Each structure stands twice: as C-alpha cells, then as structure tokens.
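Analysis of the macromolecular model
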Amino acid sequence: MKQVSRYHPLLVTLHWALAFLIIAALTLGFFGFAATPNSDPQKIDILRAHMAGGMLILALMAIRFIVRMMTSKPAVATTGFPLLDRIAPFSHYGFYVLVLLMAGTGYTTAILAGLPAIVFGGSGDPLTPTFVIYPTRVAHGYIATLLVGFIVLHVLAAFYHQFVRKDRLFRRMFFGRRVSNPVTPAE
Ligand code: HEM
C-alpha cells in the first residue's frame, strides 16, 4: 500500500472521538462510581451512561481497526532508539486488546448482576449492594488501571516525538491535505 503524509480523515476522527470517549469512561468509572453507592437512585443513570458508552467504544474500536487495515498510512515514525521502535506496535495493538478486555469484563459483570433488565429495561429491581463480588468486576478495575498506564505512555511518546524529535507527529493524526509518497515522512 502506498505511503501518505497523514492518516485517513475517518481514522483521525475515530482516533480523537475514541480518545475522548475512553477518557470519559475511565473518569466516570473511577470517580462517578466511587462517589455513588449502589443504594443511590442516581447509580442506575450513571451505569446507563457508562455501559452504553463502553459498548459504543467497542463498536468504534472495531470500525477503527478495519479502517486502519484498509487505508494508506504514513511511514513508521522512528524514536531514534531501535528497542523503543520495536515496542511501539505492541503498545498500539495493546489498546485494542485492553478495550476488548474492558468491554468483555464490563459486559460479563453486567450480565452476572442482571443489569440489562434493571438499567435498560426499567425492571425496578434493586441493584446488588456491590459489584466487587464478581471476579469480572475486580478484573475490570485492574485492566482499567493498566489502560490508564498505556494512555500515559502513549501521550508521553507522542509529546516526545512532537517536541523532542520535532518530527511533527501530531500533523499525521490531524485533518489537512493528504499527499501520496511525501518527500519526508512528516511532510
Ligand atoms: C473501554 C470501555 C470501558 C472503560 C474504560 C471502563 C472503565 C471503568 C472503570 C474505570 C470502572 C471503575 C473501576 C474501579 O473503580 O475499580 C468501571 C466500572 C464498571 N464498569 Fe466499566 N468501562 C468500560 C466498559 C464497560 C462496559 C461495556 C460495561 C458494561 C456493559 C461496563 C460496566 C461496568 C460496571 C458494571 C462497573 C462497576 C461499577 C461499580 O462497581 O460501581 N464497563 N468501568
């Protein structure tokens, strides 16, 4: 496949939409749930937003994966360190794996706790006093922490490219004229 100066506009849109949605899901998950016991009537509204958002993230991630496979990409951006260059693809694919695991453990917890009927079906049944009785809920929390670590590393790496190596990496993940076979990878 030919090389281009920027990622496809649909991929750019999905990248920034997913960045926003994933950070929102993490924030709601860590702070919204911690502040709201299951006895609070507002909890169902928070769960509804979180569960719908989580499933949307999974769907958009799947679309993103397909778009990434089917569209031309810019040349690989080197860090100047061969070992780091070898790790980079694993960290990128790691996001897909972690999101898949987040949705899987979240969805399984929801099924075990009977949440679809309570949260979306309006059954009126009370929530179980806590979800941490389910191993999938415990795993969901650990994987979320790992995901935060991946995001921090991802942001640091992007800033390193942009401001230390000055290779204008951010341009590639933004909208603008997209030329084939650019003279330099960042042009
Ligand atoms: C990428 C997607 C998702 C992210 C980033 C995310 C993030 C989180 C976080 C950070 C927590 C709190 C963890 C803790 O405090 O230990 C949480 C809790 C939870 N999430 Fe998710 N989640 C996602 C998807 C889902 C999905 C798809 C569902 C269900 C369909 C779901 C259901 C739940 C439930 C039931 C809890 C427990 C709430 C509680 O204990 O009060 N999550 N999530």
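Let me begin by describing the structure that accompanies this report. Position labels on residues start from 1 in each chain and follow its written sequence. With pLDDT at 70 or above as the cut-off, local features in this predicted model cover only qualifying residues; side-chain atom pairs require 80 or more to be listed or tallied, and sums for whole chains, interfaces and linings still use all residues. By convention in this description, side-chain values take in all heavy atoms of the structure and omit both hydrogens and water.

1. A few points about the coordination of the iron atom of the ligand
- Note: metal donors comprise N, O and S atoms at 2.8 Å or less from the metal (3.2 Å for Na, K and Ca); water molecules are not included, so apparent gaps in a site are possible. Around the iron atom of the ligand, the protein supplies His-50 (NE2) and His-140 (NE2) as donor atoms, at distances of 2.0 to 2.1 Å.
- Note that the iron atom of the ligand binds 6 donor atoms; their angles at the metal cover 87 to 180°, and the shape is octahedral. With His-50 in helix H2 (residues 43–70) and His-140 in helix H5 (residues 135–164), this pair connects stretches of sequence that are 90 residues apart.
- Given a relative accessible area of 18%, His-50 falls into the buried group. In these descriptions, tetrahedral denotes four donors with every angle between 85 and 135 degrees, square planar four donors and octahedral six donors with opposite donors over 155 degrees apart and the rest between 65 and 115, and irregular any other case. Where helices and strands are cited, they refer to DSSP runs of H or I of at least four residues and of E of at least two residues respectively, numbered from the N terminus. Any residue under 20% of the maximum accessible area for its type is buried, any over 50% is exposed, and the rest in between are partly exposed; the area is computed with a 1.4 Å probe on protein chains only.

2. Things to note about the site of the ligand
- Neighbouring residues are identified by heavy atoms, a residue being near a molecule or strand if any of them is within 4 Å of it. Taken together, 22 residues lie around the ligand, and Gly-29, Lys-43, His-50, Arg-137 and His-140 are the ones closest in.
- Pairs of N or O atoms are called polar contacts if they sit within 3.5 Å, as long as, within protein, a hydrogen donor faces a hydrogen acceptor (for residues adjacent in sequence, only side-chain-to-side-chain pairs). His-50 is positioned with one of its side-chain polar atoms (N or O) 2.8 Å from a nitrogen atom of the ligand.
- For the ligand, a nitrogen atom lies 2.8 Å from a polar atom in the side chain of His-140.
- Within the residue set of the shell around the ligand, elements represented by two or more residues are helix H1 (9–32), H2, helix H3 (82–112) and H5.
- With 7 residues, H2 is the largest single contributor of residues to the shell around the ligand.
- Basically, the charged four are Asp, Glu, Lys and Arg, the nonpolar ten are Ala, Val, Leu, Ile, Met, Phe, Trp, Tyr, Cys and Pro, and anything else, Gly included, counts as polar. When the residues that make up the shell around the ligand are grouped by side-chain class, the tally is 14 nonpolar, 6 polar and 2 charged.

3. Focus on the environment of Leu-58
- For Leu-58, the position within the fold is in helix H2.
- Here, residues are in contact when the closest pair of their heavy atoms is within 4.5 Å. Non-local contacts of Leu-58, meaning those with residues more than four positions away in its chain, are made with Val-99, Leu-100 and Ala-103.

4. Considering the pattern of salt bridges
- Salt-bridge detection follows one rule: a side-chain nitrogen of Lys or Arg within 4 Å of a carboxyl oxygen of Asp or Glu. If you walk through the whole model with that rule in mind, you get 1 salt bridge.
- Among the ionic pairs, Arg-48 bridges to Asp-45, the shortest N-O distance being 3.1 Å. Of the two residues, Arg-48 and Asp-45 are both situated in helix H2; the distance of 3 residues between them amounts to about one turn of the helix.
- Residue class for Arg-48 comes out partly exposed when judged on its relative accessible area of 33%.
- Judged by its relative accessible area of 45%, Asp-45 is partly exposed.

5. As for the packing of aromatic side chains
- Paired rings are identified among Phe, Tyr and Trp, the last through its six-membered ring, by centres lying within 6.5 Å, and are further divided according to the angle between planes into stacked (under 30 degrees), edge-to-face (over 60) and tilted (the rest). Counted by the stated rule, this structure contains 6 aromatic pairs.
- On the basis of an interplanar angle of 50° and a centroid distance of 6.0 Å, the ring pair of Phe-159 and Phe-170 is categorised as tilted. Pair noted here: Phe-159 is in helix H5 and Phe-170 is in helix H6 (residues 169–172), with a separation of 11 residues, a long-range link.
- On the basis of an interplanar angle of 70° and a centroid distance of 5.5 Å, the ring pair of Phe-174 and Phe-175 is categorised as edge-to-face.
- Here the aromatic residues Phe-65, Tyr-93 and Tyr-96 are joined through ring pairs into a cluster of three or more.

6. What about the nonpolar core?
- Working definition of a nonpolar core: buried Ala, Val, Leu, Ile, Met, Phe, Trp, Tyr and Cys residues. They are joined through side-chain atoms within 4.5 Å. Residues Ile-22, Leu-26, Ile-57, Met-61, Leu-147 and Ile-151 are the most contacted members of the largest nonpolar core, which totals 22 residues.
- Secondary structure elements with two or more residues in this core: H1, H2, H3 and H5.
- With 7 residues, the top contributor of residues to this core is H1.
- Here Ile-57 is in contact with Leu-18, Leu-21, Ile-22, Ala-25 and Val-99, once residues within four sequence places are set aside.
- Counting 12 residues, the second largest nonpolar core, distinct from the first, contains Phe-33, Leu-47, Ala-110 and Ala-113.

7. Topic: H1
- A helix is expected to span 1.5 Å multiplied by its residue count minus one. Taking 1.5 Å as the rise per residue, H1 with 24 residues should run 34 Å; its terminal C-alpha atoms sit 33 Å apart, in good agreement.
- Against H2, H3, H5 and H6 lie the buried residues of H1.

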